[in-house]
Amino acid sequence: MAAFVKCPPARIGQRLEEVDTPSLVLDLDAFERNLAAMKRAVDGRKVRVRPHAKTHKSVDIARRQIADGAIGVCCQKVSEAEALAEGGIADLLVSNEVVGAPKLERLAALSKRVKLGVCVDNPENLRQLAALGCELDVYIEIEVGMGRCGIAAGEPAVALAREIARSTKLRFAGLQAYHGRAQHLRTMEERRSVIASAAEKVRQTKALLAKEGIACPIVTGAGSGTFMFEVDSGAWDEIQPGSYVFMDVDYGKNEWAAPLPRFEHALFVLATVMSRPKPEAAIVDAGLKASSVDSGMPGVWQRAGLTYAKASDEHGFVSVAAGERVALGEKLLLVPGHCDPTVNLYDQYVCVRGGKVEALWPVSARGALY
Ligand SMILES: Cc1ncc(COP(=O)(O)O)c(C=O)c1O
């Protein structure tokens, strides 16, 4: 049986209005301004940028970030890292714990092709990594308040570092201290204060490591909502912002002020109004299979009278304010509630500049969840 080949939603040179829907649209001008804003923010600061590719899953975007000064990128999954390595990205950090034989085998194979780092928070997992017999940069993930992975800061982390120091192949690359919950605390002050206490945990662990004579080359972490606090603290050497390239509705609700730059919405889902059942409602062809709703509903871009109220599988319910005109067949741009899981729903980015399709970029690591 011949393999089914999906028809791409757009052709290069087409006008945005002609693009089929739902599709994932990248506004190249806004995206490039976001890249430039990040570059300016860290210009002259002693910090490496290793953007998180879990957001975009794209070789094309990773290449642009590296051309802009990034040292490499982070991935969250081994298969994500494999997809980026396949596209020529040569310096990758799996900013996550890797557990289970199939993943560990693939991690070992990948370590022979690229410079590869991985996180660990458990002695048993560390022994599994050591048993692979391959050269790996190992970061100890410490818990700094997020309540996800991570060993306790201080002595428990140092005990793990001692074990790494005894290994002949594994290299102790430093610490990962990432506070995900801090990213969406709404006020600058809340985020500043949470990162200040995370910095204390980092400093305390570094001091104990130094006392034992264990060098801690890099402390990595931080996301788009806090990274300048980490940079200003001086406790981090590397930042991992992901969402800044796109922004989403959730991030749009944050307060943004110096020292954090204000990023722009660059990622959209193009949708078509497929039904007008009553004057106060429009149904679009983009439901929860087209835009993630875990962090709230998508926004309707530059249409104040339209509110995306709820999503079912293939349908989006848009409330229409009195006097607002919306025609059947009209195309609307939606801003995803949460950019990362939305991207994973698509095969490609339809890259648009000045209202015209300039490029189609594959979502290289789409579905790379293992
Ligand atoms: C370990 C790690 N680093 C960095 C990021 C990037 O965060 P953001 O997309 O908020 O910039 C994430 C996102 O979940 C993460 O899990």
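On a predicted model such as this, the values are computed, not experimentally measured, just so you know.

Parameters and conventions
Residues numbered from 1 in each chain as written. Predicted model: local features only at pLDDT ≥ 70, side-chain atom pairs only at ≥ 80, totals over all residues. Helix = DSSP H or I, 4+ residues; strand = E, 2+ residues; numbered from the N terminus. Expected span 1.5 Å × (residues − 1). Buried ≥ 20, exposed ≤ 12 C-beta atoms within 10 Å, placed from the backbone. Arc of directions from axis to C-beta. Contact = placed C-beta atoms within 7 Å. Near = placed C-beta within 6 Å. Nonpolar A, V, L, I, M, F, W, Y, C, P; charged D, E, K, R; others polar. Domains from an automatic or database assignment.

**Student:** Explain helix 1 (residues 28-42) to me, please; I cannot follow it from the model alone.
**Tutor:** Residues three or four positions apart in an α-helix share a direction because the helix packs 3.6 residues into each turn. Its 15 residues give helix 1 an end-to-end C-alpha distance of 22 Å, which sits within 8% of 21 Å, the value for a rise of 1.5 Å per residue. Those residues of helix 1 lying buried are Phe 31, Asn 34, Leu 35, Met 38 and Ala 41. Seen end-on, helix 1 carries its buried residues on one side only, within an arc spanning 130°. Relative to its buried face, helix 1 has exposed residues pointing more than 90 degrees away, namely Asp 29, Ala 36 and Arg 40. On the buried face of helix 1, the contacting elements are strand 1 (23-27), strand 2 (48-49), helix 2 (59-67) and helix 8 (227-233). Looking one or two residues past helix 1, Gly 44 carries a phi angle of roughly 80°, positive in sign.

**Student:** Is there a simple way to think about helix 7 (residues 188-211) in this case?
**Tutor:** Under the 1.5 Å per step criterion, the end-to-end length of helix 7 is 34 Å for 24 residues, consistent within 8% with the ideal 34 Å. All of the buried residues in helix 7 are Arg 191, Val 194, Ile 195, Ala 198, Ala 199, Lys 201, Val 202, Thr 205 and Leu 209. Elements that come into contact with the buried residues of helix 7 comprise strand 6 (136-143), helix 6 (155-166), strand 8 (170-176), strand 9 (218-221) and helix 8. Of the residues trailing helix 7, Gly 213 is marked for its positive phi of about 75°.

**Student:** Help me understand the environment of Ile 164, please; the structure alone is not making it clear to me.
**Tutor:** The topology assignment puts Ile 164 in helix 6. In the structure, Ile 164 is positioned 139 residues away from Arg 303 in sequence and 55 Å away in space, judged by C-alpha atoms. Beyond its immediate sequence surroundings of up to four residues, Ile 164 is in contact with Leu 126, Val 138, Leu 170 and Phe 172.

**Student:** It is not clear to me how the site of the ligand should be interpreted in this structure. Could you clarify?
**Tutor:** Taken together, 14 residues lie around the ligand, and Gly 223, Ser 224, Gln 240, Gly 242 and Ser 243 are the ones closest in. Classifying every residue of the shell around the ligand by side-chain character gives 3 nonpolar, 11 polar and no charged.

**Student:** Would you explain the domain arrangement of the protein chain in this entry?
**Tutor:** When the parts of a complex come together, some accessible area is lost, and that lost area is often taken as the interface size. Segmenting the protein chain into domains produces domain 1 (16-25 + 264-362) and domain 2 (45-246). Taking the mean C-alpha position of each, domain 1 and domain 2 sit 34 Å from one another. Contacts between domain 1 and domain 2 engage 8 residues on the former and 9 residues on the latter. Looking at the side of domain 1 that touches domain 2 element by element, the count peaks at 3 residues for helix 10 (residues 339-343). When grouped by side-chain class, the residues that make up the side of domain 1 that touches domain 2 number 6 nonpolar, 1 polar and 1 charged.

**Student:** Where do I start with the environment of Gly 133 in this structure?
**Tutor:** As for its placement among the helices and strands, Gly 133 is situated in the loop between helix 5 (123-131) and strand 6. Residue Gly 133 is classed as exposed on the basis of its C-beta count, with 12 C-beta atoms lying within 10 Å. As a C-alpha pair, Gly 133 and Leu 170 span 37 residues in sequence and 8.1 Å in three-dimensional space.

**Student:** So what exactly am I meant to see when it comes to unusual backbone geometry here?
**Tutor:** Apart from glycine, the bulk of residues carry a negative phi angle, and the bulk of peptide bonds sit in the trans form. With an omega of -5°, the peptide bond running from Thr 21 to Pro 22 counts as cis. Tracing the backbone shows Pro 22 in the segment before strand 1. A cis amide bond, omega 10°, links Ala 258 with the succeeding residue Pro 259. Relative to the helices and strands, Pro 259 is located in the loop between helix 9 (249-252) and strand 11 (267-278). Here Ala 222, not a glycine, exhibits a phi torsion of approximately 85°, which is positive. With respect to the secondary-structure elements, Ala 222 resides in the loop between strand 9 and helix 8. Here Met 247, not a glycine, exhibits a phi torsion of approximately 65°, which is positive.

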